[in-house]
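So you can see what is in the structure, the chains are spelled out below.
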There are 2 protein chains.
Amino acid sequence: MTVDISLLRGLALFRQLDETTLSRLMKRATLRRFAAGDTVFEQGAPARTFFMLISGRLKVTQVTADGRQVMVRVVHPGDLFGFARALSRSDYPGTSRAAVDSQVIGWPMADWDAVVESTPQLALNAMQTIGQRLDEAHTRLRELSTEEVERRVAHTVLRLTQKAGRRDGDGTRIDFPISRQDIAEMTGTTLHTVSRILSGWESRGIVRGGRQRLTLVDSDALRQIADPEI
Amino acid sequence: MTVDISLLRGLALFRQLDETTLSRLMKRATLRRFAAGDTVFEQGAPARTFFMLISGRLKVTQVTADGRQVMVRVVHPGDLFGFARALSRSDYPGTSRAAVDSQVIGWPMADWDAVVESTPQLALNAMQTIGQRLDEAHTRLRELSTEEVERRVAHTVLRLTQKAGRRDGDGTRIDFPISRQDIAEMTGTTLHTVSRILSGWESRGIVRGGRQRLTLVDSDALRQIADPEI
DNA sequence: CGACAGTTTGATTAATCTCAAATGGCGTGG
DNA sequence: CCACGCCATTTGAGATTAATCAAACTGTCG
């Protein structure tokens, strides 16, 4: 059950790889489908497979020792995820769940080192991917450390509409179900505070809300909240 | 002005590299010294060199748009730093400054791709290094999102004594000058709050303070604060 | 030995969490 | 097909943490 090469064409990570290399890669890969709500892997489980998201959207969360949940990131199509081996871990540090029906390719984790060593170009790409993730993490660290909640939520909503935006009438809608609770877990606050903030914005015509739905209407106003010009 | 190979022996990143590869690597490397307080590179400057810390200790900080400072990390001997290329950036995202007199090896950033492509083993190692950094960043994100200030400070102090601890009488001292302000910038709070917390701990005999100095005396008690057992 | 940077401490204020309860949209089973 | 129930959301009030404002204190270095 090998995977069609054409799926990989056009994905940044595989750019610059020749046909032969690509087909060698795909020989070991398997395609899987997950329905909305399904779990791709669970925090703490042995990491036997690493993945790339082809279509759909995933949420990766971690649960802290005292039971609070944090959303580590949203996985968008084309993103590599679950590459625990690269972090020198033998288990998955978080749980990833499909937010909508999703398609995923998986490779045996044991292949990671071989793949990286035999395909230096891919190693570079993978490193840049992880590097970007590190950059994002630092950005969030900076925001959590220095910004008050409303600005953090603003930055998060801006990023979400950028990465997963879809035109919807006069605005841009986040293209997968996302709750106030989700946004709270992404910004280190409570769903109550997020709800209050979004209600405030809605009454000012900046966003339109809904059950697990959010549409950005006035992105200039939101940018102004996120980064007030002095 | 090439660098002695023996400096690299024993550093995790270069393990498993043969003599030839190592000496090829070192041909392009230069050794530099920095006095305490000196700047190795400045945020926003073009990233022409990537580095490894040989001895000493560095603090890497970022300044936010509105002028607040955040400490991204402390660089310990053996750590790679300033590898902007791996994050696909052309400038340094932060400023790194020597906390004590330090020795550093630098390579031309232009060599990065070549080095990685020609030395797959190093690519893997570098990726794991970046991966660990990502893991650390996620840990801090989790802490900032879910823990109150005292626990965050406790975790930070535990990590510092682990990574840079030096026996000192009945305790473990952090082996470089670190101010209350520094700790505040690592935990997303103010120096006032950090001061109050450390004073409290000192009166309970958990730590001993001092000007730019901190010694952990009762690590069990501190662990208990960091992770209360239900 | 003095000046200064770093530290401590107090009082007040503001942001946000917590606790509590009501409301409303949406999918589904009868 | 519609009514019901569930889950997400909204909103209010009070509690609490930590920031801010303010000032005094002190260990080191020149």
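Residues numbered from 1 in each chain as written. Chains lettered and ligands numbered in written order. Predicted model: local features only at pLDDT ≥ 70, side-chain atom pairs only at ≥ 80, totals over all residues.

Identification of chain A as Crp/Fnr family transcriptional regulator from Paracoccus marinaquae is taken from an unreviewed UniProt entry.

A. Inspection of the UniProt feature "domain: Cyclic nucleotide-binding" (unreviewed entry) in chain A at higher detail. According to UniProt, the feature "domain: Cyclic nucleotide-binding" (unreviewed entry) maps to residues 13-99 of chain A in the numbering used here. Counted over residues 13-99 of chain A, helix gives 10% and strand 39%. Its end C-alpha atoms are 23 Å apart. (UniProt positions renumbered as here; feature names shortened; annotations may be inferred. Helix = DSSP H or I, 4+ residues; strand = E, 2+ residues; numbered from the N terminus.)

B. Geometry of helix α4 (residues 149-164) of chain A. Over its 16 residues, α4(A) runs 22 Å from end to end, which matches the ideal 22 Å to within 8%, given 1.5 Å per residue. When we look at burial in α4(A), the residues that qualify are A:R152, A:V153, A:A154, A:H155, A:T156, A:V157, A:L160 and A:T161. (Expected span 1.5 Å × (residues − 1). Buried ≥ 20, exposed ≤ 12 C-beta atoms within 10 Å, placed from the backbone.)

C. Representation of the sheet that holds strand β10 (residues 171-174) of chain B in the model. Residues and elements named next belong to chain B. Ordered in space as β9-β10-β12-β11, the four strands form an open sheet in which the pairing is antiparallel. Single-partner strands in this sheet number two, and they are β9 (165-168) and β11 (207-210). Pairwise comparison of adjacent strand axes, ignoring direction, gives a mean angle of 30° for this sheet. Where β11 lies against strand β12 (residues 213-216), four bridges are found, and the strand directions are antiparallel. (Pairing = 2+ DSSP bridges. Axes fitted to C-alpha atoms, helices over the stretch in contact; angles between N-to-C directions.)

D. A look at the relation of the copies chain A and chain B. For the pair chain A and chain B, the best superposition has an RMSD of 0.1 Å and corresponds to a rotation of 180° with a translation of 0.0 Å parallel to the axis. The superposition operator between the copies reduces to a two-fold rotation axis. (Least-squares fit on C-alpha atoms with pLDDT ≥ 70 in both.)

E. Quick look at the interface of chain A and chain B. Between chain A and chain B, the residue contacts involve 35 residues of the former and 35 residues of the latter. Going through the elements one at a time, β5 (69-75), α2 (111-118) and α3 (120-146) of chain A are the ones with two or more residues in the side of chain A that touches chain B. In terms of residues, the side of chain A that touches chain B owes the most to one element, α3(A), which gives 20 residues. The residue inventory of the side of chain A that touches chain B, partitioned by class, reads 17 nonpolar, ten polar and eight charged. (Contact = placed C-beta atoms within 7 Å. Nonpolar A, V, L, I, M, F, W, Y, C, P; charged D, E, K, R; others polar.)

F. Expanded view of the protein's contact with DNA strand D. DNA strand D sits among 21 residues. The nearest are A:S179, A:S199, B:E148, B:T189 and B:T193. Looking at the surface near DNA strand D, the elements that each hand over two or more residues are α5 (180-187) and α6 (191-203) of chain A together with α4 (149-164) and α6 (191-203) of chain B. Among the residues forming the surface near DNA strand D, the class breakdown is three nonpolar, twelve polar and six charged. (Near = placed C-beta within 6 Å.)

G. Molecular detail of the domain arrangement of chain A. Residue and element names in this part refer to chain A. Here chain A is described as being made up of domain 1 (5-144) and domain 2 (149-226). The straight-line distance from the C-alpha centre of domain 1 to that of domain 2 is 26 Å. Counting residues at the interface gives eleven residues for domain 1, matched by ten residues for domain 2. Elements with a contribution of two residues or more to the side of domain 1 that touches domain 2: β4 (58-63), β5 and α3. Top element by residues in the side of domain 1 that touches domain 2 is β5. It accounts for three residues. A class-by-class count of the residues in the side of domain 1 that touches domain 2 yields five nonpolar, three polar and three charged. (Domains from an automatic or database assignment.)

H. Expanded view of the pairing of strand β8 (residues 102-108) of chain A. Residue and element names in this part refer to chain A. Strand direction decides the pairing type here: strand β1 (residues 30-34) and β8, joined by five bridges, are antiparallel. Its bridge partner lying in β8, L31 is registered against I105. Looking at chain direction, strand β3 (residues 49-55) and β8 are connected through six bridges and run antiparallel. Residue S55 lies in a different strand from β8, and its bridge partner there is Q103.

I. Region of interest: the sheet that holds β5(A). Taken in spatial order, the four strands of this open sheet run β2-β7-β4-β5 (chain A), and their pairing is antiparallel. A strand with exactly one partner marks an edge of an open sheet, and here the two such strands are β2 (39-41) and β5 of chain A. Each neighbouring strand pair of the sheet contributes to a mean axis angle of 30°, computed without reference to strand direction. As paired elements, β2(A) and strand β7 (residues 95-98) of chain A share two bridges and run antiparallel to each other. Bridging from a neighbouring strand, A:T39 pairs with A:R97 of β7(A). Sheet strands touched by α5(A): β4 and β5 of chain A. Its angle to β5(A), the strand with the most contacts, is close to 95°. Along the sheet, helix α3 (residues 120-146) of chain B contacts β4 and β5 of chain A; its crossing angle with β5(A), the most-contacted strand, is approximately 130°.

J. Up close: the packing of α4(B) against α6(B). All names here are of chain B. Axis separation between α4 and α6 bottoms out at 10 Å; the angle between their running directions is 75°. If you check the angle between α4 and α6, you find them roughly perpendicular. Facing α4, whose interface residues are V149, E150 and V153, α6 presents T193, V194 and I197. (Parallel < 35°, antiparallel > 145°, perpendicular 65-115°, else oblique.)

K. A look at unusual backbone geometry. Look at A:Q212: it is not a glycine, yet its phi comes out positive at around 55°. Structurally, A:Q212 is set in the loop between β11 (207-210) and β12 (213-216).

L. Focus on the packing of α2(A) against α3(B). With their axes 8 Å apart at the nearest point, α2(A) and α3(B) run at an angle of 125° to one another. Relative to α3(B), α2(A) is oriented oblique. Here α2(A) and α3(B) pass one another in a crossing that is right-handed. Residues A:D113, A:V116 and A:E117 of α2(A) lie in contact with α3(B), whose contacting residues are B:P120, B:A123 and B:L124. A per-class count over the contact of α2(A) with α3(B) returns four nonpolar, no polar and two charged. (Left-handed = near helix turned anticlockwise from the far one by under 90°.)

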